[in-house]
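Listed below are the residues making up each chain.
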Amino acid sequence: MNFLRGVMGGQPTGPQPTGAETIQKLCDRVASSTLLEDRRDAVRALKSLSKKYRMEVGTMAMDHLVRILQTDRSDTEILGYALDTLYNIVCNDEEEEPEENQQKQEDDLGALFTDKFVQEPENVTLLLTLLEEFDFHVRWPGVKLLTALLKNQCAQVQGIILVSPMGVSRLMDLLADSREVIRNDGLLLLQQLTKGNAAIQKIVAFENAFERLLDIITEEGSSDGGIVVEDCLLLLLNLLKNNSSNQNFFKEGSYIQKMKPWFEVGDDNSGWSAQKVTNLHLMLQLVRVMVCPVNSPGATASCQKAMFQCGLLQQLCTILMATGVPADILTETINTVSEVIRGSEVNQDYFASVNAPSNPPRPAIVVLLMSMVNERQPFVLRCAVLYCFQCFLYKNHKGQGEIVATLLPSTIDANSISAGQLLCGGLFSADSLSNWCAAVALAHALQDNLTQKEQLLRVQLATSLGKPPVSLLQQCTNILSQGSRVQTKVGLLMLLCTWISNCPIAVMHFLHNQDNVPFLTGQISENLGEDERLVQGLCALLLGICIYYNDNSLENYTKEKLKQLIEKRIGKENFVEKLGFITKHELYSRAAQKPQPAFSTPEHMLFDHEFTKLVKELEGMITKAVLKSSEEEKKEEEVKKTLEQHDSIVTQYKELIREQDSQIKELKEQVTLLTSQNEKMQSTITQQLSQILQHKDQYNILKLKLGKDNQQTGNQAEAAHVNGLQPEELSQLREQLEELQRQNQLLQTQLAEKDSLITSMKAEGVPSAEGSTSEVTELQREVELLKAQLQSQTAEITQLQSERQELLRGSETTAAVPGENSLYTEKIAELESRLSAQTAETQKLKGEVKTLLQSRESMEKDLASATSTAAIMQAEKNKLQQEVQESKKEQDDLLMLLADQDQKILSLKQKLKDLGETIEDEDDLDSKDQFDDDEEEEEEEEECDE
């Protein structure tokens, strides 16, 4: 134990061992000791040496410490020492401020030992299982160690945790720990875990992270909370930024509504703490993440709608117009409101209605523009106001019209300050930054809006007393020619390019001033300095727009003459080169990245994001327009005419195809109708065939019966009697056959009509209706089959008629022979009675058949009503049965009473007889008959009830 005493401060008894020797002995003891207490003491000693001798402990003891974590899971104390020692090895202490070289060396050691630890993925998995231990001395150092590993080797550790079963879920449990220090360090761990890994971000979000984090923020006091609120907001930003899936989940979970209380600041805005400013700044950033312009348009629009509906936008506008709000919070609030209203018509309309709490009330837009053109305001605030104004006008034709209307003579109010007056004032002020901001703002009022471009041509400005007013377009060119600063020139040129692009009337107004074209050609042809190159490029762009959108209404400045002027004064190649200066500028590419103007200094404010889109669109077209010769233009015009003709031909064919499609649709409907009619006809024919077969069977039965009777009698007189009865039946059969023939003729007429309709359809068919023709052919086949069936039916009817004629001829022949034998009189009488019975039976059967045929349709019609009334009838039946039972019971009682009464009458009669009284027998008979009649009536009533 001498080395331990030396380490722990005991008196040395010889030469002191070095730190490396002491650590080696401790490692040997950890590896070889069988007692848990000895290993625990050795690990505790390593922990105390790990900060001073970080290199030695990390090199010699890391493997032993990992083995301790694997084998001594039952002792939480030794686990805690081992985890603390590993944390000291891999952690780069940020609290101290060492020298630069020393800090670099410390970082290298942390990365080295972290890489050594995570080379075995099982080590990270082991650490995740240890985090399930609830003991504070194990869980807390485990959280700190895993956080340090993620800081040093984030991607590698993230990959191991991602493939570990329930790895992320174990870490999410840290947020539910009741000990605040573990929960807070768990927040820091999750911040490192979710950096730049969309898969882990999704898993964390679906582990109910949003709900837990928002609850923690509310518990800690929202914006008035401490550092824990900041950590929660940073974690939310990690989960939502550039992650559309989590953003959608956040919106669908109605978490946007829970953000509104964050921005409920009181009336007393004095004394904002630094932590509150930080928290509110992060909360505003969180709102911006949900409505960032780089998000998908649909997701952004739905979030903007939700923010308006829950009142979040209204709360932000309240902060915007409040007093005493710190400048950086006010600036970030303006940027946040900008993106919440950008492209959303409802939100833009609401923002236009917001008024500042002043006397008299002024629109919020006017108040913000006053700050933008005020050179005493902070630069970042002026940039934020410009961005807000741009977002208000983005895809907002109504707002653009309202801004331009404040400049028109008919709407100017001398008693109030309007947005248009502020923009004009900034456009022509002495401050170049105000010139640029006002020019860009006015350009956004004209963006993609031809109507407002034409309306702005009406604006007249009074430059000085006694001089006539000049147009706004002319005043802009006048300021350009006066040699202003580069920033002012760039702003005015961007405004003019946006104004006259895609507006031939504005181009004509611009060219109508005789000084404008010479000024532009002079600016382009001069050899100016580096700063003026951008101005030359913008002048070339403006002149190119005058060529491309020229309608040749001015004789002196047609397209051809302007190109000739460029070729003589400037040179086409030189003109294209100067035009290319715009896109080659460093600030151009920076402005093209995102809509928000982000500039480090006011001098860098040269390009607007929307203007970069215009340059990208026009540069190639202007280059082609300038370099093309007149012959090429003529050819292009011819090609355009040809294309127009081709388009007209294509349009005609499209119309023809539409007509054919409508015809095909009509034919298909007709085919469907004919198919249904055919099915009905087939069902009708089937019914008629069955009727014919029934009649034929009846006829054969009658014929057989008549033949048997003739054979049995062998008498011609009997045959004569049969002939006397047969004509009635034959007349009935004749009527039925005639009816069948009429029905057959009617069916053939209908078939002929269908054949003619099909023939007309085939004659009117179009080439594109091949499908319909095939369907009609199929229908024809079915009709031919129907005709064959009708022919077979006609043949059967003809056969039946021939048999009837033969029967008639046989009857007439038999009737011609006179009766001879009187011996057969009795037989004839017997035969007559039999024939009468058979005739009656036949008539009965025919009546039943006729009744069945007539009732079949009525039965089908009554089926639905019978079904619907079945329940009612059943109920009535049950009621009647109950009444019958009651009646039976009453009758039984009456019978019992009658029986008793009869018994009493008999006994009384007997007594009277015994007393010598005479009783007439008729009374007895009458009473007996009456009793019998009563019994018969009762039996009949019982039979009726049954």
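The paragraphs below set out a description of the structure included in this document. What you are looking at is a predicted structure, and each value in this text was computed from that prediction instead of being measured.

Rules used in this analysis
- Residues numbered from 1 in each chain as written.
- Predicted model: local features only at pLDDT ≥ 70, side-chain atom pairs only at ≥ 80, totals over all residues.
- Heavy atoms only, no water.
- Helix = DSSP H or I, 4+ residues; strand = E, 2+ residues; numbered from the N terminus.
- Contact = heavy atoms within 4.5 Å.
- Areas by Shrake-Rupley, 256 points an atom, 1.4 Å probe, with all protein chains shown as cover.
- Core = buried A, V, L, I, M, F, W, Y, C linked by side-chain atoms within 4.5 Å.
- Buried < 20%, exposed > 50% of the residue type's maximum accessible area, 1.4 Å probe, protein only.
- Patch = residues over 30% accessible without salt bridge, like charges linked within 9 Å, V, L, I, M, F, W, Y side chains within 5 Å.
- Salt bridge = Lys/Arg side-chain N within 4 Å of Asp/Glu carboxyl O.
- Lys, Arg positive; Asp, Glu negative; His and termini not counted.
- Charge placed at Lys NZ, Arg CZ, Asp CG, Glu CD.
- Phe/Tyr/Trp six-rings, centres within 6.5 Å; stacked < 30°, edge-to-face > 60°.
- Lys NZ or Arg CZ within 6 Å of the ring centre and 35° of its normal.
- Disulfide = S-S within 2.5 Å.
- Arc of directions from axis to C-beta.
- Axes fitted to C-alpha atoms, helices over the stretch in contact; angles between N-to-C directions.
- Parallel < 35°, antiparallel > 145°, perpendicular 65-115°, else oblique.
- Nonpolar A, V, L, I, M, F, W, Y, C, P; charged D, E, K, R; others polar.

Notes on the overall build of the protein chain
In terms of helices and strands, the protein chain carries 41 helices and four strands. Sequence separation of 24 or more characterises 72% of the internal contacts of the protein chain that already satisfy a separation of 6 or more. With the model as given, the accessible surface of the protein chain reaches about 51300 Å², and the carbon-plus-sulfur share is 51%.

Side note on the nonpolar core
Grouped burial of nonpolar side chains is what soluble globular proteins tend to show. Core analysis: the largest hydrophobic core is formed by 210 residues, its most contacted members being Leu-146, Leu-171, Trp-262, Phe-263, Phe-351, Trp-499 and Leu-541. No other element matches the twelve residues that helix α22 (residues 379–393) contributes to this core.

Considerations on the environment of Thr-612
With respect to the helices and strands, Thr-612 occurs in helix α36 (residues 609–627). Taking the relative accessible area as the measure of exposure, Thr-612 reaches 4% and is therefore buried. Along the chain, Thr-612 and Ala-592 lie 20 residues apart, while their C-alpha atoms are 5.8 Å from each other. When neighbours within four sequence positions are excluded, Thr-612 is seen to be in contact with Tyr-588, Ala-591, Ala-592 and Phe-607.

Structural notes on a negative patch on the surface
Together, Glu-883, Glu-886, Glu-890, Asp-892 and Asp-893 give the surface a local cluster of negative charge. Here Asp-892 is to be found in helix α40 (residues 825–914).

Concerning a nonpolar patch on the surface
Together, Ile-649, Tyr-653, Leu-656 and Ile-657 give the surface a local cluster of nonpolar side chains, amounting to about 390 Å² of exposed area. With respect to the helices and strands, Ile-657 occurs in helix α37 (residues 630–713). Overall, Ile-657 belongs to the partly exposed group, its relative accessible area being 45%.

Description of the side chain of Asn-88
Considering the arrangement of structural elements, one finds Asn-88 in helix α5 (residues 76–90). Residue Asn-88 is classed as buried on the basis of its relative accessible area of 14%. The contact partners of Asn-88, leaving out residues within four places of it in the chain, are Lys-47, Ser-50, Lys-51 and Arg-54.

Examining the packing of aromatic side chains
Following the criterion strictly, the structure yields eleven aromatic pairs and no others. Seen from their ring centres, Phe-206 and Phe-249 are 4.6 Å apart, and the 35° between their planes marks the pair as tilted. With a gap of 43 residues between them, Phe-206 in helix α12 (residues 198–206) and Phe-249 in helix α15 (residues 244–252) connect regions that are remote in the sequence. Between Phe-210 and Phe-249 the ring centres are 5.9 Å apart and the planes differ by 35°, which places this aromatic pair in the tilted class. A residue pair is termed long-range when its members are at least 10 positions apart, and Phe-210 in helix α13 (residues 209–219) and Phe-249 in helix α15 qualify at 39 residues. Among the residues examined, Phe-210 registers a relative accessible area of 1% and is labelled buried. Between the NZ or CZ atom of Arg-179 and the centre of the ring of Phe-134, over which it lies, the distance is 3.9 Å. Across the ring face of Trp-272, the terminal group of Lys-276 is positioned such that the distance to the ring centre comes to 4.6 Å.

So, the pattern of salt bridges
Proximity of charged atoms lets side chains of opposite charge pair with each other. Evaluation of the coordinates by the stated rule reveals 20 salt bridges. Across the salt bridge formed by Arg-29 and Asp-38, the nearest N and O atoms sit 3.0 Å from each other. When its relative accessible area of 13% is taken as the criterion, Arg-29 is described as buried. Judged by relative accessible area, which is 24%, Asp-38 ranks as partly exposed. Its salt-bridge partner being Arg-44, residue Glu-77 comes within 3.6 Å of it at the nearest N-O pair. Placement of Glu-77 in helix α5 and of Arg-44 in helix α3 (residues 36–49) is noted, with a sequence separation of 33 residues between them. Overall, Glu-77 belongs to the partly exposed group, its relative accessible area being 34%.

Focus: the state of the cysteines
In a disulfide, the sulfur atoms of two cysteines are held together by a covalent bond. Within the structure shown, the criterion is met by zero disulfides. Residue Cys-383 stays outside any disulfide, its sulfur separated by 6.3 Å from that of Cys-437, the closest cysteine. Free of any disulfide, Cys-391 has its nearest cysteine sulfur in Cys-388, 6.9 Å distant. Accessibility expressed as a relative area gives 1% for Cys-391, which makes it buried.

Quick notes on α13
Regarding α13, the residues found buried are Ala-209, Phe-210, Leu-213, Leu-214, Ile-216 and Ile-217. For α13, the angular spread of the buried residues around the axis is 160°, confining them to a single face. Counted as exposed and oriented over 90 degrees from the buried face of α13: Thr-218 and Glu-219. Phi turns positive one or two residues past the end of α13, at Gly-221, with a value near 105°.

Observations concerning the packing of helix α25 (residues 432–444) against helix α28 (residues 486–500)
It is the contact of α25 with α28, at a shortest axis distance of 8 Å, that shows an interaxial angle of 10°. Taken together, the axis directions place α25 and α28 in an arrangement best described as roughly parallel. Contacts between α25 and α28 pair Ser-432, Leu-433, Asn-435, Trp-436, Ala-439, Val-440, Leu-442 and Ala-443 from the former with Gln-487, Thr-488, Val-490, Gly-491, Leu-492, Met-494, Leu-495 and Thr-498 from the latter. A breakdown of the residues in the contact of α25 with α28 according to their chemical character gives ten nonpolar, six polar and no charged.

Keep in mind that these numbers describe shape and distance, not what the molecule does.
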